[in-house]
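# Overview (structure and organization)
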Amino acid sequence: MQKVKGSPLELQERARRIRTHVLRMTHRARTSHVGSSLSMADILAVLYGGVLRIDPNQPDWPDRDRFVLSKGHACAGAYAALAEAGFFTSDWLLDHFCQDGSYVAGHITHTGVPGVDVSTGSLGHGLSIAAGMALAGKRDGKNSRVYVLLSDGECDEGSTWEAALFAPHHKLDNLVAIVDYNKIQSLGRVEEVLELEPFSAKWKAFRWSVREIDGHDFAQISETLERIPFEAGTPSCIIAHTVKGKGVSFMEDQLAWHYRSPNAEELEKALSEMGVKE
Amino acid sequence: MRTAFIQTLYEMAERDDRIWLVVGDLGYSVVEQYAERFPARYLNVGVAEQNMTGVAAGLALCNKVVFTYSIANFPTFRCLEQIRNDVCYHNANVKIVSVGGGFAYGALGMSHHGTEDIAVLRALPNMVVVAPGDPVEAENATRAIVEQTGPCYLRLGKAGEARIHARDVKFQLGRAITVCEGSDITLISTGGMLATTVRVAERLSKEGVAARVLSMHTLKPLDEEAIRIAARETPAIVTIEEHGINGGLGSAVAETLAEGNGPRVVFKRLGIPSVYASQIGGQDYLRSIYSLTVDGILTSLESVLETVQLSG
């Protein structure tokens, strides 16, 4: 068992800092997808704060764990987590995120951003790439793991299910798929656009070992990640029930914050809810 | 070409343990020997080309040299966005191999006609596009694309193509091979049209027309220098390809000619017009429908040679 580093309080503080970076970034760059970044902030805090075996001083360390953000639109959260993990400073991030002439694109990109292995942006790509990485690790006899974070909406993509068939067939128990199940996709609620339920049963039917958790409960996230693989010879799927826009009262569970960026007043209000005084 | 490819890959895999072969549930009687010899570096992903390409990118990002293999349009069009985003943007070491370029699977119908692949793949940044003209070029190309880091598309014929080159032909990616010299007209061929093009040159020779034949096995990067030299040294250039007329070899050569400052040359593209062949038939039959036979090409060349004479 790989013990998660960091106490729930430390992880909570890391998540709070990730959220404040996300708010400042999306405000300054006037970009979308703030809600998608906030829903996964707690998961990222645990991954980057206590799970991923990575080294900010050697981003290309060959034996590192890999993290693939398949929901590339939520890159603000992932960049913020990398900043907190020491890959670059949050000031640098704020100055470069979605700015003219920078490389820090509004869908996660590996070009010019240390710590990012895989660029995504079109949905339904990440699980296949992660499965390829996991297979390479298996056949090379490495102990490293591959974590991939998916959105619920991208489970509409057929390619996601091609990869979902593939991973158990090849017994990729070094592969961990986490679904940020915030229940809102681009044009509405998941249940209204294209129902995924029974969601857990689908992954089970595809022969994944599945756990459903509260994606905002640090103890649950940590305990679940400590138990990877849930079953030897089987890839692990964590369906994390989350709230879109989590952490900012007026953004929570609102479709609009898939698109809107906070204006100055909203930023101040949001930050003050997080205990930040400008 | 298919045989030359798989044998060469097998030989290379003996020496280079980075090499993987990933197939989309196709390759019966082709891939078995490789699969048995290198089970840890072989993968059949099933009928799932998007996943095949994404998995290949993931493997390549872990320092593997990955060949994806399927037929006709399956390894290219079905998974085009995975090729664009996962392979090309990451400059991943994935070599996409398609067997059956052009009308090699003619009787199987339009789904199996590989007639727009060059145009589409050539548009992708970082992608090298190679369509060997004979088994010797196929063997050399397989070696060369492993030495070349990054994405490649290898468009093969099927089986039984005539060998045109000597075994020791000098092959370099991005450099056309001059198959025969001539100063009256230049015929530029790509892929499996090479044998036909050589026979056309032989027939022209009997009529007193000295044709230069260039085998343009690499479509991208294109050997622009060879095209410019041909434009200086011969009054006409004709491209010959078993591929749609839009965006393939003919278009690529036309782009070079149009932007060059060379002398004006008579130019013609021979290929498949922008239509889907709803008529089916064997490769030779379908080639004849679109005048891609020796006689058909000779007929098309009549007006070109006439124009040259008039302007000369």
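Residues numbered from 1 in each chain as written. Chains lettered and ligands numbered in written order. Predicted model: local features only at pLDDT ≥ 70, side-chain atom pairs only at ≥ 80, totals over all residues. Heavy atoms only, no water.

### Topic: helix H4 (residues 75-84) of chain A
All names here are of chain A. Extensive coverage of H4 is indicated by the burial of 10 of its 10 residues. Of the residues making up H4, those classed as buried are Cys 75, Ala 76, Gly 77, Ala 78, Tyr 79, Ala 80, Ala 81, Leu 82, Ala 83 and Glu 84. Here the buried face of H4 lies against helix H1 (8-29), helix H2 (34-39), helix H3 (41-51), strand S1 (66-69) and helix H5 (90-96). Just past H4, the residue Gly 86 takes up positive phi, approximately 95°. (Buried < 20%, exposed > 50% of the residue type's maximum accessible area, 1.4 Å probe, protein only. Helix = DSSP H or I, 4+ residues; strand = E, 2+ residues; numbered from the N terminus. Contact = heavy atoms within 4.5 Å.)

### A look at the packing of aromatic side chains
Tallied over the entire structure, the rule returns 15 aromatic pairs over all chains. Taken together, a centroid distance of 6.0 Å and an interplanar angle of 10° make the contact between Phe5(B) and Tyr69(B) stacked. Separated by 64 residues along the polypeptide, Phe5(B) in helix H1 (residues 2-15) and Tyr69(B) in strand S3 (residues 65-71) bring together distant segments of the chain. Tyr69(B) sits in the buried class, given a relative accessible area of 2%. Members of the aromatic cluster, each reached through a chain of ring pairs, are Trp161(A), Tyr181(A), Phe199(A), Trp203(A), Phe206(A) and Trp208(A). The ring of Phe230(A) has Arg211(A) lying over it, and the distance from NZ or CZ to the ring centre is 4.4 Å. (Phe/Tyr/Trp six-rings, centres within 6.5 Å; stacked < 30°, edge-to-face > 60°. Lys NZ or Arg CZ within 6 Å of the ring centre and 35° of its normal.)

### A word on the pairing of strand S8 (residues 185-189) of chain B
All names here are of chain B. With five of its five residues buried, S8 lies for the most part within the structure. Burial along S8 is two-sided: the residues Ile 185, Leu 187 and Ser 189 and Thr 186 and Ile 188 are all buried. Bridge analysis of S8 against strand S9 (residues 211-215) gives five bridges, and the strand direction is parallel. Within the sheet, the bridge partner assigned to Leu 187 lies in S9 and is Val 213. Taking the sense of rotation as the criterion, the β-α-β connection linking S8, helix H7 (residues 194-206) and S9 turns out right-handed. (Pairing = 2+ DSSP bridges. Right-handed = clockwise from strand over helix to strand, strands pointing away.)

### Details of the sheet that holds strand S12 (residues 266-272) of chain B
Residues and elements named next belong to chain B. Spatially, five strands are ordered S7-S9-S8-S11-S12 in an open sheet, and the strand pairing comes out mixed. The two strands at the open ends of the sheet, each matched to only one other strand, are strand S7 (177-180) and S12. When the angles between neighbouring strand axes are averaged without regard to direction, this sheet yields 25°. With four bridges joining them, S8 and strand S11 (residues 236-244) adopt parallel strand pairing. The residue of S11 that forms the bridge with Ser 189 is Ile 240. Seen against the sheet, helix H11 (residues 294-311) touches S8, S11 and S12 and runs at an angle of roughly 165° to S12. (Axes fitted to C-alpha atoms, helices over the stretch in contact; angles between N-to-C directions.)

### A short note on the interface of chain B and chain A
Residue-level contacts link 24 residues of chain B with 24 residues of chain A. The contact between chain B and chain A buries some 1,900 Å² in all, and 57% of this surface belongs to carbon and sulfur atoms. Looking only at chain B, the three residues that lose the most surface to chain A are Asn51(B), Tyr89(B) and His90(B), adding up to 26% of its buried area. At the surface where chain B touches chain A, the tally comes to one salt bridge. Salt-bridge contacts for Asp140(A) lead to Lys64(B); the nearest nitrogen and oxygen are separated by 2.5 Å. Between the two partners, chain B and chain A, sit 13 residue pairs in polar contact (both at pLDDT 80 or more). With seven residues, the single largest contributor to the side of chain B that touches chain A is helix H3 (residues 49-60) of chain B. Class assignment of the residues belonging to the side of chain B that touches chain A gives a composition of 12 nonpolar, seven polar and five charged. (Buried area = accessible area lost by both parts, 1.4 Å probe. Salt bridge = Lys/Arg side-chain N within 4 Å of Asp/Glu carboxyl O. Polar contact = N/O pair within 3.5 Å; in protein donor to acceptor, adjacent residues only side chain to side chain. Nonpolar A, V, L, I, M, F, W, Y, C, P; charged D, E, K, R; others polar.)

### Considerations on the domain arrangement of chain B
In many analyses, interface size is given as the accessible surface area lost on bringing the parts together. Residues and elements named next belong to chain B. Split into domains, chain B comes out as domain 1 (2-156) and domain 2 (177-311). Of note, the centres of domain 1 and domain 2, computed from C-alpha atoms alone, are 27 Å apart. In this assembly, 28 residues from domain 1 lie in contact with 30 residues from domain 2. Note on domain 1 versus domain 2: buried area summed over both sides is about 2,100 Å², and carbon and sulfur give 59% of it. In terms of surface lost to domain 2, no three residues of domain 1 exceed Phe 103, Arg 122 and Glu 137, which account for 33% of the buried area on that side. Where domain 1 meets domain 2, there are one salt bridge. Its salt-bridge partner being Arg 122, residue Glu 255 comes within 3.0 Å of it at the nearest N-O pair. Between domain 1 and domain 2 we count 16 residue pairs in polar contact (both at pLDDT 80 or more) in total. Where the side of domain 1 that touches domain 2 is concerned, the elements lending two or more residues are helix H5 (117-122) and strand S5 (128-130). (Domains from an automatic or database assignment.)

### Concerning the packing of helix H6 (residues 126-139) of chain A against H3(B)
For the pair H6(A) and H3(B), interaxial distance at closest approach is 6 Å and the crossing angle is 50°. With respect to H3(B), the axis of H6(A) lies oblique. The two elements H6(A) and H3(B) cross, and the hand of that crossing is right-handed. Judged by residue contacts, Ser128(A), Ile129(A), Ala131(A), Gly132(A), Met133(A), Leu135(A) and Ala136(A) of H6(A) engage Gln50(B), Asn51(B), Gly54(B), Val55(B), Gly58(B) and Leu59(B) from H3(B). Each residue belonging to the contact of H6(A) with H3(B) can be placed in one class, and the counts come to seven nonpolar, six polar and no charged. (Parallel < 35°, antiparallel > 145°, perpendicular 65-115°, else oblique. Left-handed = near helix turned anticlockwise from the far one by under 90°.)

### Observations concerning the side chain of Thr256(B)
Mapped onto the elements, Thr256(B) comes out in helix H9 (residues 249-259). Once residues within four sequence positions are removed from consideration, Thr256(B) is found in contact with Leu222(B), Glu224(B), Ile227(B) and Arg228(B).

### Focus on the state of the cysteines
By the definition in use, this model includes zero disulfides over all chains. Just so you know, Cys75(A) is unpaired, no disulfide at all, and the nearest cysteine sulfur is the one on Cys98(A), 6.0 Å from it. For Cys75(A), a relative accessible area of 1% puts it in the buried group. There is no disulfide at Cys79(B), and the cysteine sulfur nearest it, in Cys88(B), is 11 Å away. (Disulfide = S-S within 2.5 Å.)

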